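Observations on the three-dimensional arrangement
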Amino acid sequence: MTKKNIGYPYTYGDKLTPEMARNNRKQTVSYSVLIPSIWWHNLEFGEPIQSYSSFSNEPKTVIVRGVETSRVNSISRGGDLGKSGPGPRAKADALKNARKTGGGSIFVQGFTPQRQYGSRPINKPLSCRNNVKINQEQFNGNQNPGGSSSSMETMSKHLSQEYKEYQQKFNSPPVSKRFDTKNYDREKFKELAKDPKANKEVFEKKTCDEARTAIQAEMEGIVNNPQRIEKPICKSVDLDFKVDGPGLYTHMDVKHPVGSEILRKQDRGHTLQEMATKMGKRIVEQKERFCGLEQGPESSENVLHIVDLAYVPSHEKKIVKEYCLKGAGSSEGIKFVNDNDKYKFFNKESNGKYK
Amino acid sequence: MENTNKIPEEEIRLKIRNKTFLNETALNQYFKWNALSLINFVDCRFEDIEFLGRPINFCKFKNSEFNDFSFRKCEFAKCTFENCRIVKANLTRAEFWDCNFINCEFLQSDLAGSDFWNCEFSETTFKDSNLNFIIVTNVKVWKSGEWVEIKDFSNFDNHFD
C-alpha cells in the first residue's frame, strides 16, 4: 500500500507531485493576498471605535447610545484587550481549525467570522470593550436646553476638585442619587456655581452646592429662575441668588447643614441640635439684613431660605429640621429640600448597610 | 482678663511656627474633612489665599499677618486671634462663633454681612474697613478696664476707635 503524502507539512525528500505543487501555489497566493489585506484593514480601523466622555467616572452604560452594527459585523476582533490584531484566543482557534480542515491559511481561517449577527455568543469575548460608537452630540444629549446628560453630581465634581474630594471622603452616595439631576441646563449650572463676589473666578465646593440646591429648587417648583446677583449690586446685596417668585420672593439664600458625623470629624465643637438652632436664628436675621437696599429685597417677606438637607443622614433630617424651625421661630420663608427618606444615606460606620 | 471660651487640650493641637503661606495649596494640606481644625499658627504669614465657606475650628493665630486674602463665608468657631494684622481681607459673610480678638488690627478689610456670636474684642482696631450689615449677638468689647456688651450692631464700628 502506497502512503499518500498530501498533507502539510510535507516530509523533506518527498517526491513533488502535481497535487502537492498545486497546494503550495494555493497557500502562497493565500498569504500574499490575504495577509496584506488584513494589515490594511487593521491600519484603517486601528482607532478605537468607541469614544468615552470627558467625565471618566460617568457610567459607560449611560453614555452608550448607538450601535454601529455594520462595522461591528464587518470586523472580528478576535477578543483581545485593546489591540486590533488577533488575540491569543483567535490564534489558538486558528491553529485548531487549521489542523481540522487541513490546508489553507491558518491566519485567514482564524479571522473568518464564525458567529452571525444577532446570535448568542457561545464563547464570551475576552475583550471588555464595547463595539459601539457614540458621538459628542449623543453624549451631550439633545433633550435638555443646556445640553447635558450628565448628572449635576458629575458636573460639580468636574468643576471643583474640592467638591469631588469632599464627596469621596464622606463616602456618601452621590448627591445625584438622592434626587433626579439629569434634566438641567448645564450652562446655567455653570453660571450659578460661580460666586460673583469672590476675588478669583473659581468653582468651589460651596458654590457648587449652592448651584445644585438652586437648580433643584427650581426643578421642584420652589423658586423661579434663580440667578446670581451681578456686580456691583452683589457688593451690597450679598444674598446668594435673586429669583422671580413664586409670590413675593425676589431673593433666595441657601443653607447646607451637615450631619453629626461630619460635625464630629470637622471638630466643629457643637451638637447637631446647636448647629440647627443657630442656623434657624441666623436665617431670621439674614432675612432682614439687606432689606431696603437698591435692587435688594424690600422686606423680609421677599427673602426665601432653602435649607438643603443633602448632607444630613436620613435619621437626623427630622432633628435638623425641627431645631432649625425652632431657632427661626416660624417656618415662614423657609423651605427644605432633600428632607425625606427616599434616598438613604450610607456611611462607613454602618458596616455596609444603609441607614 | 480671662477668656470665657473654652479651648480643647493644647496637646492635641498642631503647632505651626514661622511659616509663610503664599497660596491655597500651601495651606490646603492642613485641611482635614474640608475643615481647618486644632492648629496653632504662630509668627505665620498668609498671603493671596482664597477659601470659600470652609469651617475653621479651634485655631489660634498669634503674631501673624494676613494680607490680601479671602475667607469669605468661612465659619470660624472658637478661634483666637492675638497680635494679628489683617490687611485687605475679604471676610464678607464670614461667621465668627465664640472667637477672641486680642490686640488685632484690621486694615482695609471687608467684613460686610459677617456674623459675630459670643465673641470678645480687646485692644482691637478697624481702620478703613467695611463693617456694614454686621450682626452681633452677645459680643463684648474690653473698654476702660471692663467688658462692655454691644447690643446695637448698627454702630458696631463706633466701639473700635
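Reading the values: the criteria
- Residue numbers here run from 1 along each chain, matching the order of that chain's written sequence.
- Whichever chain is written first is A, and whichever ligand is written first is 1; the rest continue in order.
- Local features are withheld for residues below a pLDDT of 70 in this predicted model, meaning they are given only at 70 or higher, and side-chain atom pairs are given and counted only at 80 or more; totals for whole chains, interfaces and linings count all residues.
- Calculation of side-chain values draws on the structure's entire complement of heavy atoms; hydrogens and water are dropped beforehand.
- Numbering goes from the N terminus for both helices and strands, where a helix is a DSSP run of H or I of at least four residues and a strand is a run of E of at least two.
- Throughout this description, buried means an accessible area under 20% of the type-specific maximum (1.4 Å probe, protein chains only), exposed means over 50%, and partly exposed covers the range between.
- In this analysis, two residues are considered to be in contact whenever any of their non-hydrogen atoms come within 4.5 Å of each other.
- Computed by Shrake-Rupley with a 1.4 Å probe, the accessible areas treat only the displayed protein chains as cover when residues are assessed.
- Buried area is understood as the total, over both parts, of accessible area removed when two parts are fitted together, assessed with a 1.4 Å probe.
- The salt bridge definition used is simple: a Lys or Arg side-chain nitrogen within 4 Å of an Asp or Glu carboxyl oxygen.
- Gly falls in the polar group here, along with every residue not listed as nonpolar (Ala, Val, Leu, Ile, Met, Phe, Trp, Tyr, Cys, Pro) or charged (Asp, Glu, Lys, Arg).
- Being paired, for any two strands, means DSSP has found at least two bridges between them.
- To define axes, lines are fitted to C-alpha atoms, for helices over the stretch in contact only, and angles between the resulting N-to-C directions are given on a 0 to 180 degree scale.
- Predictor confidence is given residue by residue as pLDDT, running from a minimum of 0 to a maximum of 100.
- Multiplying one less than the number of residues by 1.5 Å gives the expected span of a helix.
- Only buried residues count toward a nonpolar core. Its members are Ala, Val, Leu, Ile, Met, Phe, Trp, Tyr and Cys residues joined through side-chain atoms within 4.5 Å.
- Between N or O atoms, a polar contact is any pair within 3.5 Å; within protein, one atom must be a potential hydrogen donor and the other a potential acceptor, and residues adjacent in sequence are included only when both atoms are from side chains.
- Here the term cavity refers to a set of points on a 1 Å grid, laid over the protein atoms alone, in which a 1.4 Å probe fits but cannot get out; the term pocket refers to an open set having protein on both sides within 12 Å along at least five of seven lines, with lining residues being those that place an atom within 4 Å of a point.
- Grid points are joined across faces, edges and corners, and a volume is the space filled by probe spheres set on the points.

Some thoughts on the overall build of chain A
Scanning chain A for helices and strands turns up 14 helices and 5 strands. A total of 355 residues make up chain A; the buried ones form 43% of that total. A fraction of 66% describes how many contacts in chain A between residues 6 or more apart in sequence connect residues 24 or more apart. If you sum the accessible surface of chain A, you get close to 19800 Å²; carbon and sulfur atoms cover 52% of it.

Observations concerning the interface of chain A and chain B
With 33 residues of chain A in contact, the opposing surface of chain B contributes 33 residues. For the pair chain A and chain B, the summed buried area comes to about 3100 Å², and 48% of that belongs to carbon and sulfur atoms. For the pair chain A and chain B, the number of links is 10 salt bridges. The salt bridge partner of Glu 75 of chain B is Arg 268 of chain A, with a shortest N-O separation of 3.4 Å. Looking at the side of chain A that touches chain B, the elements that each hand over two or more residues are α8 (161-169), α10 (205-219), β3 (251-255) and α13 (272-289) of chain A. In terms of residue count, the dominant contributor to the side of chain A that touches chain B is α13 of chain A (6 residues). Of the residues contributing to the side of chain A that touches chain B, the split by class is 6 nonpolar, 6 polar and 21 charged.

Description of the sheet that holds strand β18 (residues 135-137) of chain B
The strand order β3-β6-β9-β12-β15-β18 (chain B) describes an open sheet built from 6 strands, whose pairing is parallel. Both edges of this open sheet fall to β3 (36-37) and β18 of chain B, since each of them pairs with a single strand only. Packing against the sheet, α13 of chain A makes contact with β12 (95-97), β15 (115-117) and β18 of chain B, and its axis sits at approximately 140° to β15 of chain B.

A look at the confidence of the model for chain A
Residues and elements named next belong to chain A. Across chain A, pLDDT averages 68, with 51% of residues at or above 70. Scored below 50 in pLDDT, residues 42-85 makes 73 contacts in the model with residues more than four places away or belonging to other chains. This model gives residues 98-147 a pLDDT under 50, and the stretch forms 77 contacts once residues within four places in sequence are excluded.

Considerations on the confidence of the model for chain B
Mean pLDDT over chain B: 88, with 87% of residues reaching 70 or higher. Model confidence for the complex is summarised by a pTM of 0.66, with the ipTM given as 0.87.

Thoughts on α10 of chain A
Residue and element names in this part refer to chain A. If you check α10, its first and last C-alpha atoms are 21 Å apart, about what 15 residues at 1.5 Å a residue would give, namely 21 Å. Most of α10 is tucked away, with 13 of its 15 residues classed as buried. Looking at the residues trailing α10, positive phi occurs at Gly 221, about 75°.

Some words on the nonpolar core
Grouped together as the largest cluster of nonpolar side chains are 43 residues, with contacts concentrated most on Leu 27, Phe 41, Phe 71, Phe 76, Phe 81, Phe 96 and Phe 116 of chain B. Put simply, the parts of the chain that give this core at least two residues each are β4 (39-42) and β19 (139-143) of chain B. Setting aside chain neighbours within four positions, we find Phe 71 of chain B in contact with Leu 27, Ile 49, Phe 51, Ile 56, Phe 76, Asn 90, Leu 91 and Ala 94 of chain B. In this structure, Met 152, Leu 159, Ala 214 and Val 337 of chain A belong to the second largest nonpolar core, which totals 41 residues.

Digging into the side chain of Ser 64 of chain B
Residue and element names in this part refer to chain B. Within the element layout of this structure, Ser 64 appears in the loop between β7 (60-62) and β8 (65-67). A polar atom in the side chain of Ser 64 sits 3.2 Å from the backbone nitrogen of Cys 44. Residues contacting Ser 64, with those up to four places away along its chain left out, are Phe 41, Val 42, Asp 43, Cys 44, Phe 46, Asn 83, Cys 84 and Arg 85.

Regarding the environment of Asp 48 of chain B
Residue and element names in this part refer to chain B. Looking at the secondary structure, you find Asp 48 in the loop between β5 (45-47) and β6 (55-57). Owing to a relative accessible area of 41%, Asp 48 belongs among the partly exposed residues under this scheme. Separated by 26 residues in the primary sequence, Asp 48 and Leu 22 place their C-alpha atoms 6.0 Å from one another.

Focus on empty space enclosed by the protein
Considering all chains together, one arrives at 6 cavities of 30 Å³ or more under this definition. Lining the largest cavity are 31 residues, and of these Lys 206, His 256 and Arg 268 of chain A together with Gly 53 and Glu 75 of chain B lie nearest its centre. Taken together, the elements giving at least two residues each to the lining of the largest cavity come down to α8, α10, β3 and α13 of chain A together with β12 of chain B. Looking at the lining of the largest cavity, the element that brings in the most residues is α13 of chain A, giving 5 residues. Of the residues that constitute the lining of the largest cavity, the class distribution is 10 nonpolar, 6 polar and 15 charged.

Comments concerning the sheet that holds strand β2 (residues 241-242) of chain A
Within a sheet, each strand pairs with its neighbour through backbone hydrogen bonds, oriented either parallel or antiparallel. Residues and elements named next belong to chain A. Reading across the sheet, the 5 strands line up as β1-β2-β3-β4-β5 and stay open at both edges, with mixed pairing between neighbours. Looking along the sheet, the strands with just one partner apiece sit at the ends: β1 (227-228) and β5 (334-337). Of the pairings in the sheet, the one linking β3 to strand β4 (residues 303-308) comprises 5 bridges and is parallel in character. For Lys 255, the partnering residue across the bridge sits in β4 and is Val 307. Sheet strands in contact with α10 are β1, β2, β3, β4 and β5, and its direction is about 110° off that of β4. Here helix α14 (residues 314-328) sits on the sheet in contact with β4 and β5, set at roughly 165° to β5.

Here's the deal with the pairing of β19 of chain B
All names here are of chain B. In the sheet, strand β16 (residues 120-122) pairs with β19 via 3 bridges, with the strands oriented parallel. Within β19, the residue paired with Ser 122 across the bridge is Trp 142. Where β19 lies against strand β20 (residues 146-150), 5 bridges are found, and the strand directions are antiparallel. Its bridge partner being in β20, Val 139 is matched across the sheet by Ile 150.

Observations concerning unusual backbone geometry
What you tend to see is this: most non-glycine residues have negative phi, and most peptide bonds are trans. The omega torsion of the bond from Lys 231 of chain A to Pro 232 of chain A falls at 0°, within 30 degrees of zero and hence cis. Residue position: Pro 232 of chain A is located in the loop between β1 and α11 (233-236). For the bond from Gly 245 of chain A to Pro 246 of chain A, the omega torsion is 10°, close enough to zero to count as cis. The backbone of Gln 295 of chain A shows a phi angle near 60°, a positive value even though the residue is not glycine. With respect to the helices, strands and loops of the structure, Gln 295 of chain A is situated in the loop between α13 and β4. Despite not being glycine, Gln 108 of chain B shows a phi value in the positive range, around 50°.

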